[in-house]
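Coordinates in review
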Amino acid sequence: MKVEGIIIPEGYKSNTTLIETEVHIKRIKDFFEKALAESLNLTRVSAPLFVEGESGVNDSLNGIERPVKFDILATGKDVEIVHSLAKWKRLALHRYGFKVSEGLYTDMNAIRRDEELDNLHSVYVDQWDWEKVIDKSDRTEEKLKDIVRNIYKVFKETEKYVHKNLVSGEEKLPEDIFFITSQELEDMYPKYTSKEREDAICKEYKAVFIMKIGGLLKSGEKHDGRSPDYDDWSLNGDILFWYPLLDRAIELSSMGIRVDEKALDYQLKVSGNDYRRKLDFHRMLLNGELPYTVGGGIGQSRICMYFLNKAHIGEVQATVWDEKNLKICREYNINLL
């Protein structure tokens, strides 16, 4: 059932204490991080919590979310808490001298002050941001699918690890992940909203990669918003799993092959963001000074929530909640950290 927009599974009660949950979170993160780095040939690097607001490096998400800003006394400049590190990672690959087939990953912590709070969304975002260098000839749909399959294997290995070592339960993930484009999904369910389509396809296939997100569909609407200056909208997508506990789809990762000069030029034009061409990152990319890359973000708290079968993301991360979430969780035995 739903109570003021919060999903309450029937008869729900956490199967671990708060201390046990914290121990399990650490073990899941350690296992997944190591397996991901090995699978994609990634090196862990340090990353900034904030960047200069005028640099153009911060992720603008859908273009309406407000970043948290503050000034630094020593520099006299304003900085922004990152929304993600999508563009910073590509610059780092260039600066550090990573070669083709090599990449980096980092712990990304962000503040999404405008997020609507519910079972899956909080103001605090924690994810593994990763990026690797590819050859220009690898900017293909098949290369994207290969990488998605490699990441999916890490999810499968993590599920087996969790059930063998942490909590018992039935495996929810199918043997393979299903691929579909956002337009194919709209054609299948033309009367549904994009979120309803995600639920429908995930309920059928359990693990899905929805491709080509950001551009307009035949209906004139977007499946979902994407910033124009990192993902190539024709070579990106989201990994979603069906989550039986909440009876809905849950997005675990957003990723894609990044824009080249041609794709950035086009996406800046159609999105009305031509002013960004003057920013350092965009200028370097349009001049062919940055490597061709693929990358994305993988939600740490959502992974823990999914594998530990938790009803609310607040059960696997410590953050600030509104009175509605606090009251409903107290009333229905949902133990927030």
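Residues numbered from 1 in each chain as written. Predicted model: local features only at pLDDT ≥ 70, side-chain atom pairs only at ≥ 80, totals over all residues. Heavy atoms only, no water.

- In the nomenclature of an unreviewed UniProt entry, the protein is known as Aspartate--ammonia ligase of Clostridium sartagoforme AAU1.
- Regarding the protein, the UniProt comment filed under Subcellular location (unreviewed entry) reads as follows: "Cytoplasm". (UniProt positions renumbered as here; feature names shortened; annotations may be inferred.)

A word on helix H9 (residues 323–331)
- Listed as buried for H9 are Asn325, Ile328 and Cys329. Within H9, the buried residues cover an arc of 100 degrees as seen down the axis, which keeps them to one side. In this structure, H9 carries Glu323 and Arg330 as exposed residues pointing more than 90 degrees from its buried face.
- Among the structural elements, strand S1 (2–3) and strand S2 (6–7) are those in contact with the buried residues of H9.
- At the C-terminal side of H9, asparagine 333 shows a positive phi close to 60 degrees. (Buried < 20%, exposed > 50% of the residue type's maximum accessible area, 1.4 Å probe, protein only. Helix = DSSP H or I, 4+ residues; strand = E, 2+ residues; numbered from the N terminus. Arc of directions from axis to C-beta. Contact = heavy atoms within 4.5 Å.)

As for the sheet that holds strand S5 (residues 69–72)
- On the basis of which strands lie adjacent, the open sheet formed by three strands has the order S4-S6-S5 and antiparallel pairing. The two strands at the open ends of the sheet, each matched to only one other strand, are strand S4 (50–52) and S5. When strand polarity is set aside, the average angle formed by the axes of neighbouring strands in this sheet is 40 degrees.
- Summarising the sheet, S4 and strand S6 (residues 77–81) pair through three bridges and their orientation is antiparallel. Looking at the pairing, phenylalanine 50 lines up with isoleucine 81 of S6. (Pairing = 2+ DSSP bridges. Axes fitted to C-alpha atoms, helices over the stretch in contact; angles between N-to-C directions.)

Concerning the nonpolar core
- Membership of the largest hydrophobic core comes to 62 residues, with the highest contact counts inside it found for Trp130, Ile151, Phe155 and Phe241.
- With nine residues, the single largest contributor to this core is helix H3 (residues 141–165).
- Of all hydrophobic cores here, the second largest spans 23 residues; its members include Val82, Leu85, Phe98 and Ala110. (Core = buried A, V, L, I, M, F, W, Y, C linked by side-chain atoms within 4.5 Å.)

Description of unusual backbone geometry
- A positive phi angle, close to 50 degrees, is found at glutamate 4, a residue other than glycine.
- One can find glutamate 4 in the loop between S1 and S2.
- We classify glutamate 4 as exposed; its relative accessible area is 56%.
- Even without glycine at this site, serine 101 takes up a positive phi of about 80 degrees.
- Within the secondary structure, serine 101 sits in the loop between helix H2 (86–96) and strand S7 (103–111).
- Residue classification places serine 101 among the partly exposed residues on the basis of a relative accessible area of 42%.

Observations regarding the environment of arginine 27
- Within the secondary structure layout, arginine 27 lies in helix H1 (residues 18–40).
- Under the relative-accessibility criterion, arginine 27 is labelled partly exposed at 35%.
- The residues contacting arginine 27, other than those within four sequence positions of it, are Tyr161, Asn165 and Leu166.

Concerning the pattern of salt bridges
- Enumeration according to the criterion identifies 27 salt bridges in this entry.
- In this structure, glutamate 131 and arginine 258 form a salt bridge, with 2.9 Å as the shortest nitrogen-oxygen distance. Placement of glutamate 131 in strand S8 (residues 124–133) and of arginine 258 in strand S12 (residues 248–258) is noted, with a sequence separation of 127 residues between them.
- Relative accessible area serves as the criterion here: at 0%, glutamate 131 is assigned to the buried category.
- For arginine 258, a relative accessible area of 3% gives the class buried.
- Between aspartate 232 and arginine 139 there is a salt bridge, and its shortest N-O distance comes to 2.8 Å. Residue aspartate 232 is found in strand S11 (residues 231–243), and its partner arginine 139 is found in the loop between S8 and H3; the two are separated by 93 residues along the sequence. As far as burial versus exposure is concerned, aspartate 232 and arginine 139 are alike and both buried. (Salt bridge = Lys/Arg side-chain N within 4 Å of Asp/Glu carboxyl O.)

Digging into helix H5 (residues 194–205)
- For H5, spanning twelve residues, the distance from its first C-alpha to its last is 17 Å, which sits close to the expected 16 Å at 1.5 Å a residue.
- Every buried residue of H5 is accounted for by Ser194, Arg197, Glu198, Ile201 and Cys202. The arc enclosing the buried residues of H5, seen along the axis, measures out at 120 degrees, which places them on a common side.
- Downstream of H5 by a residue or two, lysine 206 has a phi angle that is positive, lying close to 75 degrees. (Expected span 1.5 Å × (residues − 1).)

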